[in-house]
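Results of the structural survey
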Protein chains: 2
Amino acid sequence: MKRYRKIGFKLTPQRLAILDCLEGNTSHPSAEDIYRRLKKKFPTMSFATVYNTLDALTRKGEILEITIDPERKRYDPNTQPHHHLICNKCKKIVDVTINFKVTIPERFRRSFEILGNHIEFYGLCRECKKKGG
Amino acid sequence: MKRYRKIGFKLTPQRLAILDCLEGNTSHPSAEDIYRRLKKKFPTMSFATVYNTLDALTRKGEILEITIDPERKRYDPNTQPHHHLICNKCKKIVDVTINFKVTIPERFRRSFEILGNHIEFYGLCRECKKKGG
DNA sequence: ATTTTTGTTAAGAATTATTCTAATGAAGAG
DNA sequence: CTCTTCATTAGAATAATTCTTAACAAAAAT
């Protein structure tokens, strides 16, 4: 619960609400998703606070900013290296916590220090497939 | 050269210029990069034309819209399935035209029809590493 | 060779996502 | 209590992209 303290920034009610909203959330919400969900509880909550907090958390490595949806940034509280499955139709994003071995040849490593990788699988989720692609 | 005809849309001078600018271009330019480069030759060129054309080409499958840079869309004339290497620092994107075998377990395939995948390798390019990360 | 249709362009307005700014406020240090 | 620091808010500003509209040009139909 209050393992949040170790993040090392001031825990305000707004920030706690954002953290709670993110905790275990596998829906990869955008800033707006979070804002919309939170303003019920905090009608005075500002967009800037959501952006500031998400930015602070990203810089502290507590969450990941994911760049899959061309329309907006999305955030993922799961900071373990993992991959994603994206529905081309509804843009739903599903976590794939499997470790794939993809090794890039030496010739690339000579000009680039590789620090990690991320695989996006794309396709059609069952719901969208039913409705016809 | 005029294999462009088969694309099946009207080939105007502006569109030809955009196509030429893209042809064999491995720099993954953004709409603005293209616009800036083209308005020298076509001072009357409008941003809207660049966006419309990129959009039309994307829908026709002639180019790919790539969603790696959180700030803007970038375009890639290489429509063969391939992967990318991104420098965390300067955001340079390099093509990796290697076929990796990444097979996702059956349990994912049951709820998702997988149509493809894209691997992003991220790290530091030589130049940025020299300057110190 | 006109007319009609269809699709393209340019300019700028509009929209959307995000960042910045300035004023205010709360919490902790002294 | 007063000072300092950092967070919050509202709203302005910015940046990327999309939309709208009018003028236009090529192709198709007459």
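In case you missed it, the structure is sitting above this.
Attention in this report is confined to the structure presented alongside it. (Residues numbered from 1 in each chain as written. Chains lettered and ligands numbered in written order. Predicted model: local features only at pLDDT ≥ 70, side-chain atom pairs only at ≥ 80, totals over all residues. Heavy atoms only, no water.)

Attention now moves to unusual backbone geometry. With a phi angle near 65°, Lys91 of chain A is a residue other than glycine that sits in the positive phi range. Here Lys91 of chain A lies in the loop between strand S3 (83-87) and strand S4 (93-96). (Helix = DSSP H or I, 4+ residues; strand = E, 2+ residues; numbered from the N terminus.)

Here we come to the protein's contact with DNA strand C. Contacts to DNA strand C come from 15 residues, most closely from Tyr51 and Arg72 of chain A together with Thr12, Arg15 and Thr49 of chain B. Within 4 Å of the protein, atoms of DNA strand C come from sugar and phosphate in 83% of cases. Gln14 of chain B places a polar side-chain atom, nitrogen or oxygen, 3.2 Å from a sugar or linking oxygen of DNA strand C. Going through the elements one at a time, helix H3 (47-59) of chain A together with helix H1 (13-22) and helix H3 (47-59) of chain B are the ones with two or more residues in the surface near DNA strand C. For the surface near DNA strand C, the residue count by class is four nonpolar, five polar and six charged. (Near = heavy atom within 4 Å. Polar contact = N/O pair within 3.5 Å; in protein donor to acceptor, adjacent residues only side chain to side chain. Nonpolar A, V, L, I, M, F, W, Y, C, P; charged D, E, K, R; others polar.)

A word on the pairing of strand S5 (residues 112-125) of chain A. Most of S5 of chain A sits inside the fold, with ten of its 14 residues counted as buried. Relative to S5 of chain A, S3 of chain A runs parallel, the two being bridged by four bridges. By the bridge assignment for S5 of chain A, Cys87 of chain A is matched with Gly123 of chain A. Bridge count between S5 of chain A and strand S5 (residues 112-125) of chain B: 13 bridges; the pairing is antiparallel. From the neighbouring strand, Ile119 of chain A faces S5 of chain B, where its bridge partner is Ile119 of chain B. (Buried < 20%, exposed > 50% of the residue type's maximum accessible area, 1.4 Å probe, protein only. Pairing = 2+ DSSP bridges.)

On to the sheet that holds strand S3 (residues 83-87) of chain B, then. In spatial order, the strands read S4(A)-S3(A)-S5(A)-S5(B)-S3(B)-S4(B); together these six strands make up an open sheet with mixed pairing. Lying at the two open borders of the sheet, with one neighbouring strand each, are S4 of chain A together with strand S4 (93-96) of chain B. Within the sheet, the average angular offset between the axes of one strand and its neighbour, ignoring direction, is 25°. With four bridges joining them, S3 of chain B and S4 of chain B adopt antiparallel strand pairing. What sits directly across from Leu85 of chain B, in S4 of chain B, is Val94 of chain B. (Axes fitted to C-alpha atoms, helices over the stretch in contact; angles between N-to-C directions.)

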